[in-house]
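Residues per chain, in single letters:
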Amino acid sequence: MDNSLIEKYKKELLDMYKNRTPEVKAVAANTSSNNGSLIVNVTTLRGLYPVRNALVSVFTGEYENKTEVDRSVTDQSGKSKIFSLTAPERDLSLSAGSTEPVYTNYGIEVTADGYAKEINLNLPIFSGVTSLQNVDMTLLSAQNGNGENMNDQSENYNL
């Protein structure tokens, strides 16, 4: 492999790291007890490179009949804005035997030029909690099929 290419990517990654803006304080400030928060981190090549200018759309309902709640474009580090999303009151999770859900399911659709569309369904959002959802985009040139990947996140959680 060409060492100049490796050095070029190394320099780009170091420059991105130096220019990043810390978000930890903003996350704590934007989380209220009546809402949950969501940050979407969009990358490619198994998390190696951030995807800037990806459109992230947050929605409720089934994908075929979705209702868009909010949208954002990712920054140079591949991060979306902090979405403030409605969730059931935190106190519901403290009641033994409560049958009411303690979270709200949301979905996200992520699109970017040159990449297959990524759809994540059933992301649980809890009141007072900031969730981070990683989305790894696939280059269209490497995609087999229709250019769309759908993932049901409810399979990843035992809620």
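Here, every reference points to the structure presented above.
Residues numbered from 1 in each chain as written. Predicted model: local features only at pLDDT ≥ 70, side-chain atom pairs only at ≥ 80, totals over all residues. Heavy atoms only, no water.

Trainee: Any details on the overall build of the chain? Residues and values, ideally.
Mentor: The helix and strand inventory of the chain stands at 2 helices and 9 strands. The N-to-C order of helical and strand elements in the chain reads α-α-β-β-β-β-β-β-β-β-β. A total of 159 residues make up the chain; the buried ones form 31% of that total. Summarising the internal contacts of the chain: among those between residues at least 6 apart in sequence, 62% fall at separations of at least 24. On the chain, roughly 10000 Å² of surface is accessible, and the fraction owed to carbon and sulfur atoms is 49%. (Helix = DSSP H or I, 4+ residues; strand = E, 2+ residues; numbered from the N terminus. Buried < 20%, exposed > 50% of the residue type's maximum accessible area, 1.4 Å probe, protein only. Contact = heavy atoms within 4.5 Å. Areas by Shrake-Rupley, 256 points an atom, 1.4 Å probe, with all protein chains shown as cover.)

Trainee: Quick rundown of unusual backbone geometry? Include the residues and the values.
Mentor: Of note in this structure, Leu45 is not a glycine but carries a positive phi near 55 degrees. With respect to the helices and strands, Leu45 occurs in the loop between strand 1 (35-44) and strand 2 (49-50). Phi is positive for Arg46, close to 55 degrees, though the residue is something other than glycine. Here Arg46 lies in the loop between strand 1 and strand 2.

Trainee: Can you explain the pattern of salt bridges? Please cite residues and give values.
Mentor: Summed over all chains, the structure comprises 4 salt bridges. Here Glu68 makes a salt bridge to Arg71, at a shortest N to O gap of 3.1 Å. Looking at Glu68, the relative accessible area reads 41%, which means it is partly exposed. As a salt-bridge pair, Glu109 and Lys117 come within 3.9 Å of each other at their nearest N and O atoms. (Salt bridge = Lys/Arg side-chain N within 4 Å of Asp/Glu carboxyl O.)

Trainee: Residue-level account of the sheet that holds strand 6 (residues 103-111), with values.
Mentor: Hydrogen bonds between backbone atoms are what pair the strands of a sheet, whose relative direction is either parallel or antiparallel. Pairing in this open sheet of 5 strands is mixed, and the strands run 4-3-6-7-9 from one edge to the other. The two strands at the open ends of the sheet, each matched to only one other strand, are strand 4 (67-73) and strand 9 (148-152). Geometrically, the sheet is characterised by an average inter-axis angle of 25 degrees between neighbouring strands, direction not taken into account. Note that strand 3 (residues 55-60) and strand 6 share 5 bridges and pair antiparallel. Across the sheet, Leu55 pairs through a bridge with Thr111, a residue of strand 6. (Pairing = 2+ DSSP bridges. Axes fitted to C-alpha atoms, helices over the stretch in contact; angles between N-to-C directions.)

Trainee: So, the nonpolar core: which residues are in play, and what are the values?
Mentor: Membership of the largest hydrophobic core comes to 18 residues, with the highest contact counts inside it found for Leu38, Val40, Val42, Ile108 and Val110. Where this core is concerned, the elements lending two or more residues are strand 1, strand 3, strand 5 (83-86), strand 6, strand 7 (117-126) and strand 8 (130-137). Excluding its chain neighbours within four sequence positions, the residues that come into contact with Leu38 are Val58, Lys81, Ile82, Phe83, Leu85, Ile108, Leu123, Ile125, Ser131 and Gln133. (Core = buried A, V, L, I, M, F, W, Y, C linked by side-chain atoms within 4.5 Å.)

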